Amino acid sequence: MDPVPQTHRRTQPALRRAPVQQRSAERLARILDACAVLLDETGYEQLSTRAVAARAGVPIGSVYRFFGNKRAMVAALAHRNLDRYAERVSDRLAGAPILDAHRAIDGVLDEFIEMKRTVPGFALVDFGVPAAAPGEAAADGPAEAVVEDPNRLVAERLCALLATHLGRTADEDLHRKVLVGVETADALVRLAFRADPAGDPALVAETRCLLHAYLAPSLS
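Residues numbered from 1 in each chain as written. Predicted model: local features only at pLDDT ≥ 70, side-chain atom pairs only at ≥ 80, totals over all residues. Heavy atoms only, no water.

*Asks:* Give me the lowdown on the packing of helix α1 (residues 22–42) against helix α2 (residues 49–56), citing residues and values where you can.
*Replies:* Put simply, α1 and α2 touch, their axes get as near as 8 Å, and they point 115° apart. With respect to the hand of their crossing, α1 and α2 are arranged in right-handed fashion. Along the contact surface, α1 presents Arg-30, Ile-31, Ala-34, Cys-35, Val-37, Leu-38 and Glu-41, while α2 presents Ala-51, Val-52, Arg-55 and Ala-56. Broken down by class, the residue content of the contact of α1 with α2 amounts to 8 nonpolar, no polar and 3 charged. (Axes fitted to C-alpha atoms, helices over the stretch in contact; angles between N-to-C directions. Helix = DSSP H or I, 4+ residues; strand = E, 2+ residues; numbered from the N terminus. Left-handed = near helix turned anticlockwise from the far one by under 90°. Contact = heavy atoms within 4.5 Å. Nonpolar A, V, L, I, M, F, W, Y, C, P; charged D, E, K, R; others polar.)

Shown next, in the form of structure tokens:
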């Protein structure tokens, strides 16, 4: 069972009630797991809190104990995805026998693509919530906390990781470079997965070349 998401600056969606006991934390994890699977099956617009409760095997009241609507629930899933991605990147960089700028960039990109291919719900909701459909807030309750500017949050996490593992100062210039790299990679990887459900290899290769050329000098 996955643990409850950990809190990070400006990325934790507000829960109506934070889990205190292990049983409550496990129930929250089941809800997010069910939400991720249903996103793949139905898409965001057809997702409902009631369907998530049924798939998770919990009363609908358990979902509303934590979330007022599906946007808040999906925001929590996006936050968990960011935590998992950062952990995977950190483990990969720490485990590299030889780490240079190019290998670090490869690790960051490869983990993102692998999660796109294998993690439930990640292809649709990686680190941000889809745009609200007209009338969604009225139908599903008032809007609650949602992760804003997810690419900037991803860039902050990656900048810190890259600086730590490569012995580079995480200064303003590096933050800007990593943010541009994240925005670029996000757009190109989306293009690659539109062209091929597994990620078009040629477009992924072009993305890798671009990131190497742009980011490696700042990370060396």
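*Asks:* Requested: an account of the confidence of the model for the protein chain, with residues and values cited.
*Replies:* This prediction gives the protein chain a mean pLDDT of 88; 83% of its residues lie at or above 70. Every residue in residues 1–11 scores below 50 in pLDDT, and together they form 31 contacts with partners more than four places removed in sequence or on other chains. (pLDDT = per-residue confidence, 0-100.)

*Asks:* How would you sum up the packing of helix α5 (residues 101–118) against helix α9 (residues 201–219)? Please name residues and give values.
*Replies:* Where α5 meets α9, the closest approach of the two axes is 9 Å, and the angle between their N-to-C directions is 140°. With respect to α9, the axis of α5 lies oblique. For the pair α5 and α9, the crossing hand works out as right-handed. Packed against α5, whose contacting residues are Ala-101, His-102, Ile-105, Asp-106, Leu-109, Asp-110 and Ile-113, the element α9 presents Val-204, Thr-207, Arg-208, Leu-211, His-212, Leu-215, Ala-216 and Leu-219 at the interface. Class assignment of the residues belonging to the contact of α5 with α9 gives a composition of 9 nonpolar, 3 polar and 3 charged. (Parallel < 35°, antiparallel > 145°, perpendicular 65-115°, else oblique.)

*Asks:* Can you break down the nonpolar core residue by residue, with the values?
*Replies:* If you look at soluble globular proteins, the nonpolar side chains tend to sit buried side by side. Of all hydrophobic cores here, the largest spans 37 residues; its most connected members are Tyr-85, Leu-158 and Val-178. Counting residues per element, the ones that place at least two in this core are α4 (70–95), α5, α7 (150–166), α8 (172–195) and α9. Ranked by size, the runner-up nonpolar core spans 26 residues in total, among them Ala-56, Val-63, Val-74 and Val-129. (Core = buried A, V, L, I, M, F, W, Y, C linked by side-chain atoms within 4.5 Å. Buried < 20%, exposed > 50% of the residue type's maximum accessible area, 1.4 Å probe, protein only.)

*Asks:* For the pattern of salt bridges, give the residues involved together with the corresponding values.
*Replies:* Close approach of charged atoms allows side chains of opposite charge to pair. Considering all chains together, one arrives at 15 salt bridges under this definition. Close ionic contact of Asp-33 with Arg-80 constitutes a salt bridge, the shortest N to O distance being 2.7 Å. Residue Asp-33 is found in helix α1, and its partner Arg-80 is found in helix α4; the two are separated by 47 residues along the sequence. The partly exposed category is assigned to Asp-33, whose relative accessible area is 25%. According to the relative accessible area criterion, Arg-80 is buried, its value standing at 5%. Taking the shortest distance from any N to any O, the salt bridge between Lys-116 and Asp-126 comes out at 3.1 Å. Separated by 10 residues along the polypeptide, Lys-116 in helix α5 and Asp-126 in the loop between α5 and α6 (136–140) bring together distant segments of the chain. For Lys-116, a relative accessible area of 9% gives the class buried. A relative accessible area of 7% places Asp-126 in the buried class. When salt bridges that share partners are traced, they join Arg-88, Arg-92, Asp-106, Asp-110, Glu-111 and Arg-208 into one network. (Salt bridge = Lys/Arg side-chain N within 4 Å of Asp/Glu carboxyl O.)

*Asks:* Lay out the packing of aromatic side chains in plain terms, naming residues and giving numbers.
*Replies:* Under the defined criterion, the tally for this structure stands at 6 aromatic pairs. Taken together, a centroid distance of 5.9 Å and an interplanar angle of 75° make the contact between Phe-112 and Phe-122 edge-to-face. One end of the pair, Phe-112, is in helix α5; the other, Phe-122, is in the loop between α5 and α6, with 10 residues separating them in the sequence. With respect to class, Phe-112 is no different from Phe-122; both count as buried. The aromatic ring of Tyr-44 is capped on one face by Lys-70, whose charged end is 4.5 Å from the ring centroid. (Phe/Tyr/Trp six-rings, centres within 6.5 Å; stacked < 30°, edge-to-face > 60°. Lys NZ or Arg CZ within 6 Å of the ring centre and 35° of its normal.)

*Asks:* Account for the side chain of Lys-70, with residues named and values stated.
*Replies:* For Lys-70, the position within the fold is in helix α4. Owing to a relative accessible area of 7%, Lys-70 belongs among the buried residues under this scheme. One polar contact links the side chain of Lys-70 to the main-chain carbonyl oxygen of Tyr-44, over a distance of 2.9 Å. (Polar contact = N/O pair within 3.5 Å; in protein donor to acceptor, adjacent residues only side chain to side chain.)

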